[in-house]
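# Overview (structure and organization)
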Amino acid sequence: MTGDYFAAEDLTQETFLSAYRHIESFAGSNEKAYLCRIAANKCTDYLKSAARRQIPSEESAWAARPDAAAGPEASALEDEIYTTLLKRCSGLKPPYDKIAILYFCEEKNAEEIASNQNKNVKTVQTQIYRARAMLRKLYEKERHAYEAT
């Protein structure tokens, strides 16, 4: 009746527990019919329940999931990545070093950087683009050195 094997197992247990609790009320009558009636009622109640009809959305399922980054290993890895990125950004030539730190490490957008640095937004966007290209070259060079070993 439920279409769900595990729900059927749970409802079977509930049926027998209910029958056991009320064994004196059906003693002497047709026990098989009594058990079938209890099981049918349990299934009907299950199918009508509000919890059964609720289908979680993708957002709520992910929101209910514990945060994977909360563990100490993930936190240490994130710190190491941040430190490496900060070191690479600081190693760029001026003015790309400051722009890269503000954009990639401090996560400021081009408009914020432009207003803080008293620069044109297009100039900052160009510097971000060039800083990204420089960082990409550094990381590719490091990756090739790692693959060679």
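Summary of the structure given here. (Residues numbered from 1 in each chain as written. Predicted model: local features only at pLDDT ≥ 70, side-chain atom pairs only at ≥ 80, totals over all residues. Heavy atoms only, no water.)

### Notes on the packing of aromatic side chains
Tallied over the entire structure, the rule returns 2 aromatic pairs. With a centroid separation of 5.4 Å and an interplanar angle of 85°, the aromatic rings of Tyr5 and Phe6 are classed as edge-to-face. The exposure class assigned to Tyr5 is exposed, which follows from its relative accessible area of 57%. A centroid spacing of 5.0 Å and a plane angle of 85° characterise the contact between Tyr103 and Phe104, whose relative ring orientation is edge-to-face. Taking the relative accessible area as the measure of exposure, Tyr103 reaches 27% and is therefore partly exposed. Across from the ring centre of Tyr139, 5.7 Å away, lies the NZ or CZ of Arg88, which sits over that ring. (Phe/Tyr/Trp six-rings, centres within 6.5 Å; stacked < 30°, edge-to-face > 60°. Buried < 20%, exposed > 50% of the residue type's maximum accessible area, 1.4 Å probe, protein only. Lys NZ or Arg CZ within 6 Å of the ring centre and 35° of its normal.)

### Considering the state of the cysteines
Enumeration over the complete set of coordinates arrives at 0 disulfides. Cysteine Cys89 shares no disulfide, and the gap to the nearest cysteine sulfur, in Cys105, comes to 4.2 Å. Under the relative-accessibility criterion, Cys89 is labelled buried at 0%. (Disulfide = S-S within 2.5 Å.)

### Observations regarding the nonpolar core
Soluble globular proteins tend to bury their nonpolar side chains together. One finds Leu85, Cys89, Leu92, Tyr96, Ala100, Ile101, Cys105, Ala131 and Leu135 forming the largest nonpolar core, which totals 9 residues. Counting only elements with at least two residues in this core, the list comes to α5 (72-90), α6 (96-105) and α8 (121-148). Here this core gets 4 residues from one element, more than from any other, and that element is α6. Once residues within four sequence positions are removed from consideration, Leu135 is found in contact with Leu85, Arg88, Cys89, Leu92, Ala100 and Phe104. Of all hydrophobic cores here, the second largest spans 7 residues; its members include Ile99, Leu102, Ala110 and Ile128. (Core = buried A, V, L, I, M, F, W, Y, C linked by side-chain atoms within 4.5 Å. Helix = DSSP H or I, 4+ residues; strand = E, 2+ residues; numbered from the N terminus. Contact = heavy atoms within 4.5 Å.)

### Some details on the environment of Ile99
Looking at the secondary structure, you find Ile99 in helix α6. Spatially, the C-alpha atom of Ile99 lies 9.3 Å from that of Gln117, the residues being 18 residues apart in sequence. With residues up to four places along the chain from it excluded, the contact list for Ile99 reads Ile113, Lys119, Val124, Gln127 and Ile128.

### Topic: the side chain of Arg88
Topologically, Arg88 is positioned in helix α5. The class for Arg88 is buried, based on a relative accessible area of 17%. Leave out the neighbours within four places in its chain, and Arg88 touches Leu135, Leu138, Tyr139 and Glu142.

### Comments concerning a negative patch on the surface
A surface patch of like charges, here negative, comprises Asp4, Glu9, Asp10 and Glu14. With respect to the secondary-structure elements, Asp10 resides in helix α1 (residues 5-21). (Patch = residues over 30% accessible without salt bridge, like charges linked within 9 Å, V, L, I, M, F, W, Y side chains within 5 Å. Areas by Shrake-Rupley, 256 points an atom, 1.4 Å probe, with all protein chains shown as cover. Salt bridge = Lys/Arg side-chain N within 4 Å of Asp/Glu carboxyl O. Lys, Arg positive; Asp, Glu negative; His and termini not counted. Charge placed at Lys NZ, Arg CZ, Asp CG, Glu CD.)

### Focus: the packing of α5 against α6
Two elements in contact, α5 and α6, have axes whose closest approach is 8 Å; the angle formed by their N-to-C orientations is 155°. Here α6 runs roughly antiparallel to α5, going by the angle between their axes. By crossing handedness, the relation of α5 to α6 is classed as right-handed. For the pair formed by α5 and α6, the contact residues are Tyr82, Leu85, Leu86, Cys89 and Ser90 on the first element and Asp97, Ala100, Ile101, Phe104 and Cys105 on the second. Grouping the amino acids of the contact of α5 with α6 by side-chain chemistry returns 8 nonpolar, 1 polar and 1 charged. (Axes fitted to C-alpha atoms, helices over the stretch in contact; angles between N-to-C directions. Parallel < 35°, antiparallel > 145°, perpendicular 65-115°, else oblique. Left-handed = near helix turned anticlockwise from the far one by under 90°. Nonpolar A, V, L, I, M, F, W, Y, C, P; charged D, E, K, R; others polar.)

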